Amino acid sequence: METYDFRAQRLFVPDDLTDVAEIRLDRERAHYVGDVIRLAVGKAIHLFNGRDGEWRAVRAPGGKRDVVLVCEARLRAQAALADLDYAFAPLKHARLDYMVQKAVEMGAGRLVPVLTRHTQASRVNIERMRANVVEAAEQCGILAVPEVLEPLPFPRWLAGIEPARRIVFCDEAATPGDGLAALTDAARGPLAVAVGPEGGFSDEERRALRGHPGTLVLSLGPRILRADTAAVAALALVEAARQSAA
Ligand code: SAM
């Protein structure tokens, strides 16, 4: 893996990043850079926007509240998003924050909230999820920023799966070892990793998943994992399979 200065402060900005860009930060980011990390004039920070790679930018002279960053050099080219959906039943608050951040760290390309029969979260805060995506990307040196889709009811999500996309159905009822060999083959193509809610998928959902032509049933071992733990375990296996298939 290329050497990377993980100590550098990183900031996601929506602006285009070019060698002539001067970024005037919005109030929230200006507060963070000016008052929280107290970036001094002339000091550098790494900027990324999910499109233009990562840039070294230096704080320009200006007012206390007015933080302007001037791009100097591109440090890393933009990375591509993996064609990897993480399809999950939304959890409540802190566990959802954790699961979203881990899915980003583990390489998900799209986060797809799926409303299943036993989903306990009554409403899904998309903006909070998107903020967690950005926070995970900032903290882990990630340049490809996953998209968070609007929640879909399970039947609509399943019906909308493209024919080429294999569903990796994480099924706690599967036999330990199920799916691992098939995953290495499937890992080359587009995937949707599916993890159920605290109460698991319903029998009807489980039948629909197992009956779907593109489904690969994956066991995550002999123990029943919490959904947020299952996210990390499943995406780690997918990443390992993708690396071994590369
Ligand atoms: N009812 C328990 C609970 O409340 O935590 C278990 C449900 S489990 C957390 C939720 C999801 O995690 C399941 O629907 C499945 O997708 C995944 N999962 C958990 N353990 C698993 C295993 N050993 N193998 C495959 N998937 C698993």
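Residues numbered from 1 in each chain as written. Predicted model: local features only at pLDDT ≥ 70, side-chain atom pairs only at ≥ 80, totals over all residues. Heavy atoms only, no water.

Engineer: Help me understand the packing of helix α2 (residues 93-105) against helix α7 (residues 227-245) in this model?
Structural biologist: Angle between the axes and distance between the axes: these two values describe a pair of packed helices. Here α2 crosses α7 at 5°, and the two axes come no closer than 9 Å. Comparing the axis directions of α2 and α7 gives the class roughly parallel. Between α2 and α7, the residues in contact are R95, Y98, M99, K102 and A103 and A227, D228, A231, V232 and L235, respectively. (Axes fitted to C-alpha atoms, helices over the stretch in contact; angles between N-to-C directions. Helix = DSSP H or I, 4+ residues; strand = E, 2+ residues; numbered from the N terminus. Parallel < 35°, antiparallel > 145°, perpendicular 65-115°, else oblique. Contact = heavy atoms within 4.5 Å.)

Engineer: I tried to follow the packing of aromatic side chains on my own but got confused; where do I start?
Structural biologist: Within a pair of aromatic rings, the relevant descriptors are the distance that separates the centres and the angle that separates the planes. Applying the stated criterion across every chain yields a total of 5 aromatic pairs. Both rings, one in F154 and one in W157, keep their centres 5.8 Å apart while their planes meet at 50°; by these two values the pair is tilted. With F154 and W157 both in helix α4 (residues 154-159) and 3 residues apart, the pair spans about one turn of that helix. Of the two residues, F154 and W157, neither departs from the other in class, the shared state being buried. Considering the side-chain rings of F154 and F201, the 6.2 Å spacing of their centres and the 55° angle between planes classify their relative orientation as tilted. (Phe/Tyr/Trp six-rings, centres within 6.5 Å; stacked < 30°, edge-to-face > 60°. Buried < 20%, exposed > 50% of the residue type's maximum accessible area, 1.4 Å probe, protein only.)

Engineer: How should the domain arrangement of the chain be read in this particular structure?
Structural biologist: Where interface size is quoted, it is often the accessible area lost as the parts come together. Assigned domains within the chain: domain 1 (10-76) and domain 2 (84-245). One C-alpha centre belongs to domain 1, the other to domain 2; they are set 33 Å apart. Tallying the contact residues gives 8 residues for domain 1 and 7 residues for domain 2. Three residues stand out in domain 1 for area buried against domain 2, namely R10, F12 and F48, and they jointly supply 64% of the buried area on that side. If you look at where domain 1 meets domain 2, you find 0 salt bridges. Between domain 1 and domain 2 we count 5 residue pairs in polar contact (both at pLDDT 80 or more) in total. By residue class, the composition of the side of domain 1 that touches domain 2 is 3 nonpolar, 2 polar and 3 charged. (Domains from an automatic or database assignment. Buried area = accessible area lost by both parts, 1.4 Å probe. Salt bridge = Lys/Arg side-chain N within 4 Å of Asp/Glu carboxyl O. Polar contact = N/O pair within 3.5 Å; in protein donor to acceptor, adjacent residues only side chain to side chain. Nonpolar A, V, L, I, M, F, W, Y, C, P; charged D, E, K, R; others polar.)

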